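Each chain, written out:
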Amino acid sequence: MIKSKIAGIGYNVPKNIVSNFDLEKMMDTSDEWIQTRTGIRERRWVEDGMANSDLALPACQQAIRMAGIQVKDIDAIIVGTVTSDYNFPGMAPIIQQKLGITSNIRAFDISAACSAFIYLLEIGDQFIQTSKYKNILLVGSDVMSCTLDKTPNGRATGVLFGDGAGAVILSPATDDSCILSTHTFADGSGVENLHGKAPGSKFYPNRINKEIIEQGHHFITQNGREVFKNAVTRMPEAVKLAMEENNLAIEDIKLVIAHQANARILEACATKMQLPEEKMYMNIHKYGNTTAGTIPIAMCEAIQEGRFQKGDIILLTAFGAGYTWASAAIRW
Ligand code: COA
């Protein structure tokens, strides 16, 4: 059977650093509260005029360079995001255009929030396994800063999120390096606990108007405690499935790269998985929760830090709005 591999990977974060001390001036919060509850010290927020596709483009170009292919070799672009440039069309055709791809390849978005990157891997992996496409550009990218209430009213959620992008080229495996498995799940009973409602057809006929904005429906809203409880249950469950399917013991795993939402969530997951602390990757302190961006960004930084090498087995896991959650096992 044909397997797929990550042939190239790249990331990009905005230059503009927003520290917890900067947030103290906006949101009636404190560095101490944010660090103790979440482990976040700073995050990056785009400056005016930078759309999600602008943020994602350098990540795509890096991934393409690393894969050693030309843009004309890309057969499909799939983007995972909840903060596309426009309400529609998706961001994938915008990326297609910005990359200068003039052939009529397929390009579309998926919406699976913080689990999007693993959903993308699963979709891309299927297209490669069936030989439908050869080189697929997968992009996980979000500009969460435009969904936040940056006033004291929004402090419970506003301190958690940052902007960031990651991209990979998925191609047929040529040796042992490959995606070993993916598992994706959803539970729609979680919708009301984490969402950004407007603009949406639920607000017929306009999707967005002054009243909807006054009510804050265009901001991300969540029940933090419920989300926390579900995240620390679902990610270990998904990792367990990945380990069982691939017959893996903890000793076989070089690194777990989990969605970076909160350091306490990652620590609780590591404890449940009986995973030594050093095998749970963390860069949340620098970027906060970048939604679809966290996993590819963390993978890139882990590679730069020499945390895994060719032949090593890494596990990915994520949890997010929907609820959605997922895991993937990869031999790098
Ligand atoms: N700064 C200071 N105080 C804050 C605050 C902030 N940014 N946000 C909330 N508070 C206050 C609350 O008002 C509350 O005050 P009260 O006790 O006087 O009512 C107090 O801090 C405790 O709030 P609580 O919500 O109980 O804190 P918590 O320990 O549950 O932590 C989260 C809150 C959001 C950090 C935590 O629930 C969490 O991380 N949940 C998961 C969120 C997430 O990761 N979502 C994305 C998943 S993809």
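Anything mentioned here points back to the structure above.
From a predicted model like this one, the values you see are computed outputs, not experimental measurements. (Residues numbered from 1 in each chain as written. Predicted model: local features only at pLDDT ≥ 70, side-chain atom pairs only at ≥ 80, totals over all residues. Heavy atoms only, no water.)

Colleague: Describe the overall build of the chain, and please don't skip the residues or the numbers.
Modeller: Within the chain, the regular secondary structure consists of 11 helices and 13 strands. In terms of overall dimensions, the chain is globule-like: its C-alpha atoms have a radius of gyration of 19 Å, near the 20 Å expected for 332 residues. In terms of overall dimensions, the chain has a C-alpha envelope of 55 × 50 × 35 Å along the principal axes. Within the chain, the proportion of its 332 residues that are buried is 55%. Only carbon and sulfur atoms are counted for the fraction: they give 49% of the accessible area of the chain, which is about 14600 Å². Each charge class in the chain was averaged separately, 32 positive and 36 negative side chains, and the resulting centres sit 2 Å apart. (Helix = DSSP H or I, 4+ residues; strand = E, 2+ residues; numbered from the N terminus. Rg over C-alpha atoms; globule rule 2.2 N^0.38 Å. Buried < 20%, exposed > 50% of the residue type's maximum accessible area, 1.4 Å probe, protein only. Areas by Shrake-Rupley, 256 points an atom, 1.4 Å probe, with all protein chains shown as cover. Lys, Arg positive; Asp, Glu negative; His and termini not counted. Charge placed at Lys NZ, Arg CZ, Asp CG, Glu CD.)

Colleague: Describe helix 2 (residues 31-38), and please don't skip the residues or the numbers.
Modeller: Three or more residues of helix 2 are buried, namely Asp31, Ile34 and Thr38. Along the axis of helix 2, the buried residues cluster in a sector spanning 80 degrees; they form a single face. (Arc of directions from axis to C-beta.)

Colleague: So what about helix 11 (residues 294-304)? Which residues, and what values?
Modeller: Here helix 11 lies mainly inside the structure; nine of its 11 residues are buried. Along helix 11, the residues classified as buried are Thr294, Ile295, Pro296, Ile297, Ala298, Met299, Cys300, Glu301 and Ala302. Directly after helix 11, the chain includes Gly306, whose backbone phi takes a positive value near 70 degrees.

Colleague: If you had to explain the packing of aromatic side chains to someone new, which residues and values would you point to?
Modeller: On inspection of all chains with the given rule, the structure shows five aromatic pairs. Put simply, the rings of Phe185, Phe319, Tyr323 and Trp325 pair up and form one aromatic cluster. It is Lys150 that lies over the ring of Trp45; its NZ or CZ is 5.0 Å from the centre. (Phe/Tyr/Trp six-rings, centres within 6.5 Å; stacked < 30°, edge-to-face > 60°. Lys NZ or Arg CZ within 6 Å of the ring centre and 35° of its normal.)

Colleague: Could you give an account of unusual backbone geometry, with specific residues and numbers?
Modeller: A cis geometry characterises the amide bond from Phe88 onward to Pro89, with omega recorded as 0 degrees. Looking at the secondary structure, you find Pro89 in the loop between strand 4 (76-80) and helix 4 (92-98). Looking along the chain, the bond that leaves Tyr204 and enters Pro205 is cis, with omega of 5 degrees. When you line up the elements, Pro205 lands in the loop between strand 9 (194-196) and helix 7 (210-214).

Colleague: Go over the sheet that holds strand 5 (residues 106-110), please, and point to the residues and values.
Modeller: Across the sheet, five strands lie side by side as 1-7-6-4-5; this open sheet has mixed pairing. For this open sheet the edge positions go to strand 1 (4-12) and strand 5, each flanked by a neighbour on one side alone. Across the sheet, the mean angle from the axis of one strand to that of its neighbour is 20 degrees, orientation sign disregarded. By the bridge criterion, eight bridges tie strand 6 (residues 136-143) to strand 7 (residues 163-172) in an arrangement that is antiparallel. Looking across to strand 7, one finds that Gly140 is bridged to Gly166. The strands that helix 3 (residues 52-67) touches are strand 1, strand 6 and strand 7; relative to strand 1, the one it contacts most, it runs at about 135 degrees. Across the face of the sheet, helix 11 comes into contact with strand 1, strand 6 and strand 7 while running at roughly 95 degrees to strand 1. (Pairing = 2+ DSSP bridges. Axes fitted to C-alpha atoms, helices over the stretch in contact; angles between N-to-C directions. Contact = heavy atoms within 4.5 Å.)

Colleague: Could you give an account of the packing of helix 8 (residues 224-245) against helix 9 (residues 263-273), with specific residues and numbers?
Modeller: For the pair helix 8 and helix 9, the least separation of the axes is 9 Å and the interaxial angle reads 40 degrees. Compared by their axis directions, helix 8 and helix 9 come out oblique. Helix 8 and helix 9 meet at a crossing whose hand is right-handed. Residues Phe228, Ala231, Val232, Thr233, Met235, Pro236 and Val239 of helix 8 pack against Arg264, Ile265, Ala268, Cys269, Lys272 and Met273 of helix 9. In terms of residue class, the contact of helix 8 with helix 9 is built from 10 nonpolar, one polar and two charged. (Parallel < 35°, antiparallel > 145°, perpendicular 65-115°, else oblique. Left-handed = near helix turned anticlockwise from the far one by under 90°. Nonpolar A, V, L, I, M, F, W, Y, C, P; charged D, E, K, R; others polar.)

Colleague: Break down the sheet that holds strand 13 (residues 324-331) for me, with residues and values.
Modeller: In sheet architecture, strand pairing relies on hydrogen bonds along the backbone and comes in two forms, parallel and antiparallel. Taken in spatial order, the four strands make up an open sheet running 8-13-12-11, and their pairing is mixed. On the outer flanks of this sheet lie strand 8 (178-186) and strand 11 (253-258), each paired with one strand and no other. Here the strands of the sheet are splayed against their neighbours by 10 degrees on average, with no regard to which way each runs. As paired strands, strand 12 (residues 313-320) and strand 13 are joined by eight bridges and run antiparallel to one another. Its bridge partner lying in strand 13, Leu315 is registered against Ala329. Most of the contacts of helix 8 go to strand 12, to which it runs at about 150 degrees, and overall it touches strand 8, strand 11, strand 12 and strand 13.

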